[in-house]
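Results of the structural survey
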Amino acid sequence: MDKDKLNEAAELISKAEHITAFTGAGISVESGIPPFRGKNGLWSKYDPIFLSLDYFYENSTESWKLIKEIFYDFFGQALPNYAHKGLAELEKFGKLEAVITQNIDNLHQEAGSLNVIEFHGTSRILACTQCSFKYQHKEISLVNLPPICPRCGSVLKPNFIFFGEGIPQHAYLASMFEAENADLFIIIGTTGEVMPASLIPQIAKQNGAKILEINTEPSNYTHELTDVFLQGKASMIMKQLVSLLDRD
Ligand code: APR
């Protein structure tokens, strides 16, 4: 990694008053969770249709078989990597106000981040499609699919956003607040492909925020919005950044 760029990025962080992180699937790749797009991308193996609301309601058993396989059996064992932990460190020493994440894997919380805005919801909660009661996913057996609400007998759905579903209002509002008030946005591990999440860094930029981006490849932001682009794996770069800041 280019030392000058790292120092420039550390400088941005130490000078900023209100820093917000914006993360995507790439921050969890080193925890063993594949991205959606690019090399080994989930959408190159699975047809995203199983995560569309209509398909889920008409074929809940089929949809749940894939949901369980991917988001519970496979993802369930993932642990936070240093990129998640580095953001939690920044929050601890008062250099990060919030993480807006597109991820549903709960790894930011497990790394110790306290203010996490889950723009696409979370896989950790199952919600009843009829009575809306919510359960911790660990309370509900996934042996028989689809899982049924213990209270009313209806199908349970993971509390993350399916294609065709709206963004949770509290997450939307909290994200807009960050985009309007941050003077530094740290974008980690996202292609910037999916609306409306992908608009958040643009709104931050329009409101005067500087953009620091960490990604193994250029993204939709890199040549449009990004002020400092650190190309490489998120965990390694975050480790270098945090150690530079520790010295301050
Ligand atoms: N470190 C940093 N960045 C990485 C790493 C890594 N180790 N590995 C991959 N990346 C980058 C890729 O270069 C890519 O830009 O992470 C990004 C992953 O992109 P996507 O798979 O498109 O993930 P994301 O941008 O989060 O997708 C947004 O799409 O399908 C929906 O709801 C889903 O939240 C998801 C949304």
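Computed from a predicted model, the values in this text were never measured in an experiment.

Some words on the side chain of serine 175
Here serine 175 is to be found in helix α6 (residues 169-181). For serine 175, a relative accessible area of 0% gives the class buried.

Remarks on unusual backbone geometry
Cis geometry is found at the peptide bond from leucine 145 to proline 146, where omega equals 0°. Note that proline 146 resides in the loop between β5 (134-136) and β6 (156-160). In this model, asparagine 40 sits at a positive phi of 55°, which is unusual for a non-glycine residue. Looking at where asparagine 40 falls in the secondary structure, it is placed in the loop between β1 (19-23) and α2 (53-58). For asparagine 106, which is not glycine, the phi torsion reads 65° and is therefore positive. Secondary-structure assignment places asparagine 106 in the loop between β2 (98-101) and α5 (107-110).

A closer look at the sheet that holds strand β3 (residues 116-118)
The six strands are arranged β3-β2-β1-β7-β8-β9 in an open sheet whose pairing can be described as parallel. Sheet topology places β3 and β9 (228-231) at the edges, where each strand pairs with a single neighbour. Here the average twist between neighbouring strands, direction ignored, is 15°. Contacts from helix α1 (residues 3-15) reach β1, β7 (184-188), β8 (210-215) and β9, with the element oriented near 125° to β9. Along the sheet, helix α8 (residues 234-246) contacts β7, β8 and β9; its crossing angle with β8, the most-contacted strand, is approximately 130°.

A few points about the domain arrangement of the protein chain
Entries for the protein chain in the domain assignment read domain 1 (1-33 + 80-120 + 167-248) and domain 2 (35-77 + 122-160). For domain 1 and domain 2, the distance between their C-alpha centres works out to 27 Å. On the side of domain 2, 10 residues touch domain 1, which itself brings 13 residues to the contact. Between domain 1 and domain 2 the total buried area reaches about 960 Å² when both faces are included, carbon and sulfur atoms providing 68% of it. Of all residues in domain 1, the largest losses of buried area upon contact with domain 2 belong to Ala25, Ile33 and Ile104, amounting jointly to 48% of the total for that side. Taken together, the connections running from domain 1 to domain 2 amount to zero salt bridges. At the junction of domain 1 with domain 2, the criterion picks out one residue pair in polar contact (both at pLDDT 80 or more). When its residues are assigned to classes, the side of domain 1 that touches domain 2 shows five nonpolar, four polar and four charged.

Some thoughts on empty space enclosed by the protein
Rolled over the atoms, a probe with the dimensions of a water molecule shows which regions are left empty. A full pass over the atoms with the stated rule returns two cavities of 30 Å³ or more. One number sums up the size of the largest cavity: a volume of about 80 Å³. Every residue lining the largest cavity is listed: Ala25, Ser28, Ile33, Pro34, Phe36, Leu42, Phe71, Phe75, Asn103, Ile104 and Asp105. The class makeup of the residues in the lining of the largest cavity is eight nonpolar, two polar and one charged. Put simply, the second largest cavity is a space of about 40 Å³. Lining the second largest cavity, in full, are Ile33, Phe75, Gly76, Ala78, Asp105, Leu107, Glu110 and Arg124. Classifying every residue of the lining of the second largest cavity gives four nonpolar, one polar and three charged.

About the thresholds
Residues numbered from 1 in each chain as written. Predicted model: local features only at pLDDT ≥ 70, side-chain atom pairs only at ≥ 80, totals over all residues. Heavy atoms only, no water. Helix = DSSP H or I, 4+ residues; strand = E, 2+ residues; numbered from the N terminus. Buried < 20%, exposed > 50% of the residue type's maximum accessible area, 1.4 Å probe, protein only. Pairing = 2+ DSSP bridges. Axes fitted to C-alpha atoms, helices over the stretch in contact; angles between N-to-C directions. Contact = heavy atoms within 4.5 Å. Domains from an automatic or database assignment. Buried area = accessible area lost by both parts, 1.4 Å probe. Salt bridge = Lys/Arg side-chain N within 4 Å of Asp/Glu carboxyl O. Polar contact = N/O pair within 3.5 Å; in protein donor to acceptor, adjacent residues only side chain to side chain. Nonpolar A, V, L, I, M, F, W, Y, C, P; charged D, E, K, R; others polar. 1 Å grid on protein atoms, 1.4 Å probe; cavity = no way out; pocket = protein on both sides within 12 Å on 5 of 7 lines; lining within 4 Å. Points joined across faces, edges and corners; volume = space filled by probe spheres on them.

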